[in-house]
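Reading the structure
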Amino acid sequence: MRIVILKDDLAVAEFGANYIIESINKKPNTVLGLATGSTPIRLYEKMMIANQTKRVCFKKVTTFNLDEYLGLAVGHPQSYRYFMDHRLFNHIDIDKENTFVPNGASDNPIADCTHYEEYLREKGGVDLQLLGIGSNGHIGFNEPGSSLASRTHIAVLSKETISANKRFFSVGESQPHLSITMGIGTILESREIMLIATGANKAEAIKNTIEGPVSSSCPASILQMHPYVTIVMDEEAAKSL
Ligand code: GLP
């Protein structure tokens, strides 16, 4: 596990974006695993600028997102598909056909989980997976107590995650309690993983991820078993190490 501690969230975004850009420049048909949440927003802005200034080209890149809320209508502004389109895909030269996000409006989400795994296999698997981390140590929507070998599946969100993500929904708006997420087994098959974390509210999860036992009580701790992981954080997220 390589640990990178930087001054602030801007430095994390810069480092993370450059890391991804270099990977794409080395392998233009890279398969990227992508994450949502507030942490990667600035990193995506930096990738957009790099694309607009011709430092990187996404024409041959394929992306697979980690997760999606289950039960939000297509085009819902809180869906992760909407987030990815508006925060990244609409602003870069990627072919939208090559951007995969689990379908949270599916009539048959169980079958869709199997199809998601099939698409991933067809595209040769993820070369570089970007991860955020929940304050309870979740990755994707694999909450504490999840199987460490799981594949893409329907997951129930923990109370902690529902309350952490409440800020994105308007008062009185119903918030999904279910999601479709790549499983931990799926994530671990990525050839390389970069997890980014910023802010003091991630310090406990980061400590458990890096220094704790490998345990489903902190799903991200399984990353200790992966041969090629980089964890990039700011000083606040590193403060309990
Ligand atoms: C969300 C997502 C995760 C994300 C995490 C942290 O619930 N499912 O993929 O990494 O929580 O989000 P944030 O970056 O907003 O703290």
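That block above? That's the structure.
Residues numbered from 1 in each chain as written. Predicted model: local features only at pLDDT ≥ 70, side-chain atom pairs only at ≥ 80, totals over all residues.

**Some points on the site of the ligand**
Near the ligand you find 14 residues, and of these Gly37, Ser38, Thr39, Gly132 and Gly134 are the closest. Along the lines of polarity and charge, the residues of the shell around the ligand split into four nonpolar, nine polar and one charged. (Near = placed C-beta within 6 Å. Nonpolar A, V, L, I, M, F, W, Y, C, P; charged D, E, K, R; others polar.)

**What to know about the pairing of strand S6 (residues 128–131)**
Consecutive side chains of a regular strand alternate in pointing toward one face of the sheet and then the other. The alternating pattern of S6 places Leu128 and Leu130 and Gln129 and Leu131 on opposite faces, both of which are buried. Relative to S6, strand S2 (residues 31–34) is paired through two bridges, and the arrangement is parallel. If you follow Leu32 over to S6, its bridge partner there is Leu128. Pairing analysis gives four bridges linking S6 to strand S9 (residues 192–197), with the strands arranged parallel. When the sheet's bridge partners are listed, Leu131 is paired in S9 with Leu195. (Buried ≥ 20, exposed ≤ 12 C-beta atoms within 10 Å, placed from the backbone. Helix = DSSP H or I, 4+ residues; strand = E, 2+ residues; numbered from the N terminus. Pairing = 2+ DSSP bridges.)

**Quick notes on the packing of helix H1 (residues 9–26) against helix H2 (residues 41–52)**
Running from N to C, H1 and H2 cross one another at 50°; their axes reach a closest spacing of 8 Å. The orientation of H1 relative to H2 falls into the category oblique. When you trace H1 past H2, the crossing you get is right-handed. Here H1 contributes Asp9, Leu10, Ala13, Glu14, Gly16, Ala17, Ile20 and Ile21 to the contact with H2, which in turn contributes Arg42, Leu43, Lys46, Met47 and Ala50. (Axes fitted to C-alpha atoms, helices over the stretch in contact; angles between N-to-C directions. Parallel < 35°, antiparallel > 145°, perpendicular 65-115°, else oblique. Left-handed = near helix turned anticlockwise from the far one by under 90°. Contact = placed C-beta atoms within 7 Å.)

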